[in-house]
Amino acid sequence: MIKQSGARLWNIAFIASLLLVILAACGTTTDTPAAEPNAQPAAAAIQPSPDLANRNIRVVATVGMITDIVQQVGGDRAEVEGLMGPGVDPHLYKASESDVSKLQQADIIFYNGLHLEAGLSGVLERMNDLGNTAVAVTDGIDRSVLLAPPDFEGAYDPHIWFDVTLWMQAVENVRDTLSALDPGSADLYQANAAAYLQELEALHTYVQEQAATVPEEQRVLITAHDAFNYFGRAYGFEVRGLQGISTETEASTADVQDLADFIAERQIQAIFIESSIPVRNVEAVQSAVQAQGHNVQIGGELFSDAMGEPGTIEGTYIGMVRHNIDTIVGAMTSTTAQQR
Ligand SMILES: [Zn+2]
């Protein structure tokens, strides 16, 4: 009897674990819940690859901002393929068949993690199972400096690139991972990263200086989705998004109305669209504000989760950050001038 029920229990456990495997393969799991301790530094588990003695390193990155890091740090040594181009929303992105074959051929895969690439989590887990190493550039960043919004299902806010000092840690992660995988070119990666980090330090100062030109009470940033919380914390803006941290959830009529009430009440002069999110959402807010007898301008387009076209200034991380702060400051100070 005891043996039989033991066997039955074992069967149930087996079926349950099989279900878990299937669920994981379907990509329904979420990564990095807030309760998790600091993730290991990205490079900790990386072994040198002997294949790289006679050829360049093949890298696949998800969002453009990470592709840019790899190009900066890897230089001529890295052949980088970015999966998500201009205007692509990483929260909603699903892997195509050609993406999967690119991922399979990569020596290393870099992604943001923190549930940004929600639709890719299953594919990336599968790659790791197949021995194609995928590294989250946010691993190893002290979890206590990350934002954990209560309405984001126990996960951290993934949009860390809007605090330039946090994004510098992502650069260090890429540098250390490439150096561990390809120690023969470690000097090159170190030198390239040092030069890039210096540029990013200057960028951080630039954003701080520009932000300071906006009167404090005018520094309320309203955008299509909640991508700018790290920006707000780092550079002193109050931030509100129409959609939440992820665009997986659509804004409701009540969300539009709430935000419109806030804008009318605070007499906010400009709101902003984002290049990776349909304009109609922000336009709906604008109409709802106008219905209350207050006029709010579209202050311009920001690059939130995707960079601009390749070959343009906004097609680089530094260019997109500069474009954003210049657009924000331009719209906020011109409306300040009008009011006076
Ligand atoms: Zn986002």
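Here the residue index of a chain counts from 1 through its sequence in written order. The predicted origin of the model limits local features to residues at a pLDDT of at least 70 and limits the giving and counting of side-chain atom pairs to 80 or more, whereas totals for whole chains, interfaces and linings rest on all residues.

## Let's talk about the overall build of the chain
Put simply, DSSP H or I for four residues or longer makes a helix, DSSP E for two residues or longer makes a strand, and each gets a number counted from the N terminus. Scanning the chain from N- to C-terminus turns up 10 helices and 8 strands. The buried share of the chain, reckoned over its 340 residues, is 44%. Residues are scored as being in contact if the C-beta atoms we place from backbone atoms lie within 7 Å. A separation of at least 24 residues holds for 70% of the contacts in the chain among residues at least 6 apart in sequence. Any residue whose C-beta has 12 or fewer other C-beta atoms within 10 Å is treated as exposed, any with 20 or more as buried, and any in between as partly exposed, C-beta atoms being built from the backbone.

## Topic: the sheet that holds strand S2 (residues 78–82)
Strand order in the open sheet made by the 4 strands is S2-S1-S3-S4, with parallel pairing throughout. Lying at the two open borders of the sheet, with one neighbouring strand each, are S2 and strand S4 (134–136). Pairs of neighbouring strands in the sheet enclose a mean axial angle of 25 degrees, with direction left out of account. The criterion for strand pairing is that DSSP finds at least two bridges linking the strands in question. One ladder, built from 3 bridges, connects strand S1 (residues 57–61) with strand S3 (residues 108–111); its direction is parallel. Among the inter-strand pairings, Ala61 is bridged to a residue of S3, identified as Phe110. Throughout, an axis means a line fitted to C-alpha atoms (over the contacting stretch in the case of helices), and angles, computed between N-to-C directions, take values from 0 to 180 degrees.

## Some words on the pairing of S1
Of all 5 residues making up S1, 4 are buried, and the element is well covered by its neighbours. Handedness of a crossover is defined as follows: orient the strands so they point away from the viewer, and if the path from the first strand over the helix to the second runs clockwise, the crossover is right-handed. In this fold, S1 hands off to helix H2 (residues 64–74), which returns the chain to S2; that crossover is right-handed.

## Description of the pairing of strand S6 (residues 238–243)
Note on strand geometry: in a regular strand, side chains alternate between the two faces of the sheet. With 5 bridges joining them, strand S5 (residues 220–225) and S6 adopt parallel strand pairing. Of the residues in S6, the one forming a bridge with His225 is Gln243. Regarding the hand of the β-α-β motif, the stretch spanning S5, helix H7 (residues 229–235) and S6 is right-handed.

## A short note on helix H4 (residues 121–129)
The complete set of buried residues in H4 reads Ser121, Leu124 and Met127. Down the axis, H4 shows its buried residues gathered within 120 degrees of arc, on one side only. Buried-residue contacts for H4 involve helix H3 (97–105), S3 and S4. Just downstream of H4 lies Gly131, where phi reads positive at about 95 degrees. The reported arc concerns the directions from the helix axis to the C-beta atoms and nothing else.

## Brief notes about the nonpolar core
For this entry, the nonpolar core is defined as buried Ala, Val, Leu, Ile, Met, Phe, Trp, Tyr and Cys residues connected by C-beta atoms within 7 Å. Grouped together as the largest cluster of nonpolar side chains are 84 residues, with contacts concentrated most on Val59, Val70, Val73, Ile109, Phe110, Val174 and Ile271. Of the domains in this structure, domain 1 (51–206) and domain 2 (212–339) are the two that each give at least three residues to this core. Ignoring any residue separated from it by four or fewer positions in sequence, one finds Val174 in contact with Ile69, Val70, Val73, Phe110 and Val137. Here the limits of each domain have been adopted from an automatic or database domain assignment.

## Overview of unusual backbone geometry
A positive phi angle is found at Leu114, which is not glycine, with a value near 55 degrees. Secondary-structure assignment places Leu114 in the loop between S3 and H4. Take Leu114: there are 25 C-beta atoms within 10 Å of it, and that puts it in the buried class. Unusually for a residue other than glycine, Gln267 sits at a positive phi of about 55 degrees. Mapping Gln267 onto the fold places it in the loop between helix H8 (253–266) and strand S7 (270–274). Judged by C-beta crowding, with 11 C-beta atoms within 10 Å, Gln267 ranks as exposed.

## Overview of the confidence of the model for the chain
The predictor attaches a confidence to each residue, and that confidence, scored 0 to 100, is pLDDT. Residue-level pLDDT values for the chain average 88, and 87% of them are 70 or greater. A low-confidence stretch, residues 1–35 (pLDDT under 50), is modelled with 32 contacts involving residues beyond four sequence positions or located in other chains.

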